Amino acid sequence: MNAKQRGEYYRKVERLRRQLDSKYYEQIKNSITKQFNNFGNRIKRDGLGAAQSSLGLDLWSKELIKVFESLYKEAAVLFGNSVYRALKIEANRKAMTFGFNREWTDQMMEFLMAQGFVLVSDITSTTKRKLLSIVQKGIEEGLSVDDIVRIIKSDEQIAYAAFRARRIVRTEVMRSSNMASMMGADAHDFYVDKQWISARDNRTRRIPRDQFDHVELDGRIVRFDETFDESGKDGEPVAAMQPGDINAPPGFTINCRCTVAFIPRRDRNGNLILKPKLNEARIF
C-alpha cells in the first residue's frame, strides 16, 4: 500500500475500533471508579491500616476480566471477519467466514487465560499505587479519615478513573483488533505478507521525544510469520508480530493506535501462492 492507501485503510480500522471504544469505555471506567469507592468504604468501616493491608485483594476485579473477555470476543468476530472478507475480495474469491468465528473467539480466550491475569494485575497495581499515594499524602498533611475518604471519592479521582479507562480501552481495543486481524489473514489457504500502518500525526511515537518510534515503522512490510523489528532510543531491540504484541515492552504498546494490513503474496505471474494442504505430505 502507498501512503494514501494506508491512510484510507487506517481510517476504516478506526471506524470499527470506535464501535468497541464507545461500548467498553464506560464499563472499564465504572470498574475503576468502583475500586476507588470500595476502598473508601473499607477505610470508613475498618480503618486505614486494615484497608491498606487488604488493598491488593480488594482491588482484584473479576468484573474487569469479564469486560476483557467480552471485548476480545467481539473484536475476534468484528476484525477477523473484516480482514478475511477484504483479502477474499482482493484475491477474487468468494468469502465465507462464519465457520471461523468460534475458532477465533477460542483463540482469544486462550490468550486471556494465559495473559489476562497479567493485564488486569498491571491495571490493579497502578490503581493500588494511586490509592496508597492519596492515603500517604493525607497522613502527611494531617487529614482526618473522613477527609481522605472524601478525596478518594472526589470528582478529581473520578476524572482520573476516566483518564485511565480511556488509555486502557484504547490499548486493549488496539491489541485485540490486531490479534483478530492476524487470525483473519491466517485463515486463508494462500500466503500473505503484512504491513505496519501507523497513525500519522503529532501524537505518533517518535524518537527522540519518545522511547520508541512508530513513525519509522509506518509502511514496513514483512512476511506473515516474521516480526517487525525496531530499536528503542537506548538501543534496546523490539520484535513485535503486530501492533500491541503482548511480548513487546509496555512503552511500545500502551496507548498505541497502529494497525496491521495484509497483502496476498503472488508469484512472478501474479498468481496467489497457496499454502500446502494439511493432508499433503511434505518430503524434505
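The shown structure was predicted, so the numbers you read here are calculated from the model rather than taken from an experiment. (Residues numbered from 1 in each chain as written. Predicted model: local features only at pLDDT ≥ 70, side-chain atom pairs only at ≥ 80, totals over all residues. Heavy atoms only, no water.)

**Considering the pattern of salt bridges**
In this structure the tally under the stated criterion is 20 salt bridges. Taking the shortest distance from any N to any O, the salt bridge between Glu63 and Lys34 comes out at 2.7 Å. Placement of the pair is Glu63 in helix α4 (residues 62–90) and Lys34 in helix α1 (residues 3–46), with a sequence separation of 29 residues. Classification of Glu63 by relative accessible area gives partly exposed; the value is 32%. (Salt bridge = Lys/Arg side-chain N within 4 Å of Asp/Glu carboxyl O. Helix = DSSP H or I, 4+ residues; strand = E, 2+ residues; numbered from the N terminus. Buried < 20%, exposed > 50% of the residue type's maximum accessible area, 1.4 Å probe, protein only.)

**Focus on unusual backbone geometry**
With an omega of 15°, the peptide bond between Ile207 and Pro208 qualifies as cis. Summarising the element assignment, Pro208 is placed in the loop between β1 (192–197) and β2 (221–223). Of note in this structure, Asn255 is not a glycine but carries a positive phi near 65°. Take Asn255: it is sitting in the loop between α8 (250–253) and β5 (259–264).

**Concerning the sheet that holds β1**
Sheet strands pair via backbone hydrogen bonds, and the direction of the pair is either parallel or antiparallel. Spatially, the three strands line up as an open sheet ordered β2-β1-β5, and their pairing is antiparallel. Whereas interior strands pair on both sides, the edge strands pair on one side only; in this sheet they are β2 and β5. For this sheet, the mean angle separating the axes of adjacent strands, direction not counted, is 35°. As paired strands, β1 and β2 are joined by three bridges and run antiparallel to one another. From the neighbouring strand, Gln195 faces β2, where its bridge partner is Ile221. Sitting on the sheet, α4 touches β1 and β5, and the angle it makes with β5 is about 30°. (Pairing = 2+ DSSP bridges. Axes fitted to C-alpha atoms, helices over the stretch in contact; angles between N-to-C directions. Contact = heavy atoms within 4.5 Å.)

**Description of a positive patch on the surface**
Residues Arg11, Lys12, Arg15 and Arg18 make up a contiguous surface patch of positive charge. Note that Arg15 resides in helix α1. (Patch = residues over 30% accessible without salt bridge, like charges linked within 9 Å, V, L, I, M, F, W, Y side chains within 5 Å. Areas by Shrake-Rupley, 256 points an atom, 1.4 Å probe, with all protein chains shown as cover. Lys, Arg positive; Asp, Glu negative; His and termini not counted. Charge placed at Lys NZ, Arg CZ, Asp CG, Glu CD.)

**Considerations on the packing of aromatic side chains**
Evaluated as defined, the whole model comprises ten aromatic pairs. Judged by centre distance (5.1 Å) and plane angle (50°), the rings of Tyr84 and Phe100 are tilted. In this pair, Tyr84 sits in helix α4 while Phe100 sits in the loop between α4 and α5 (101–140), placing the two residues 16 residues apart along the sequence. Owing to a relative accessible area of 6%, Tyr84 belongs among the buried residues under this scheme. Relative accessible area serves as the criterion here: at 21%, Phe100 is assigned to the partly exposed category. Between Trp196 and Phe228, the ring centres sit 5.2 Å apart and the planes meet at 75°, which makes this aromatic pair edge-to-face. One end of the pair, Trp196, is in strand β1; the other, Phe228, is in strand β3 (residues 228–231), and 32 residues separate them in sequence. Classification of Phe228 by relative accessible area gives buried; the value is 1%. Site record: aromatic cluster; members linked through ring pairs are Trp196, Phe212, Phe228 and Phe252. The lysine or arginine in question, Arg166, covers the ring of Tyr25, its NZ or CZ lying 3.6 Å from the ring centre. We note Lys194 situated over the ring of Phe224; from NZ or CZ to the ring centre the distance is 5.7 Å. (Phe/Tyr/Trp six-rings, centres within 6.5 Å; stacked < 30°, edge-to-face > 60°. Lys NZ or Arg CZ within 6 Å of the ring centre and 35° of its normal.)

**Let's talk about the packing of α4 against α5**
It is at 9 Å that the axes of α4 and α5 come closest, and there the two elements cross at 140°. Classified by the angle between their axes, α4 and α5 sit oblique to one another. α5 is crossed by α4, and the crossing has right-handed handedness. Taken together, the residues of α5 that come into contact with α4 (itself represented by Leu64, Ile65, Phe68, Glu69, Tyr72, Lys73, Ala76, Val77, Gly80, Asn81 and Tyr84) are Asn101, Trp104, Thr105, Met108, Met109, Phe111, Leu112, Gly116, Leu119, Val120 and Ile123. Split by residue class, the contact of α4 with α5 holds 15 nonpolar, five polar and two charged. (Parallel < 35°, antiparallel > 145°, perpendicular 65-115°, else oblique. Left-handed = near helix turned anticlockwise from the far one by under 90°. Nonpolar A, V, L, I, M, F, W, Y, C, P; charged D, E, K, R; others polar.)

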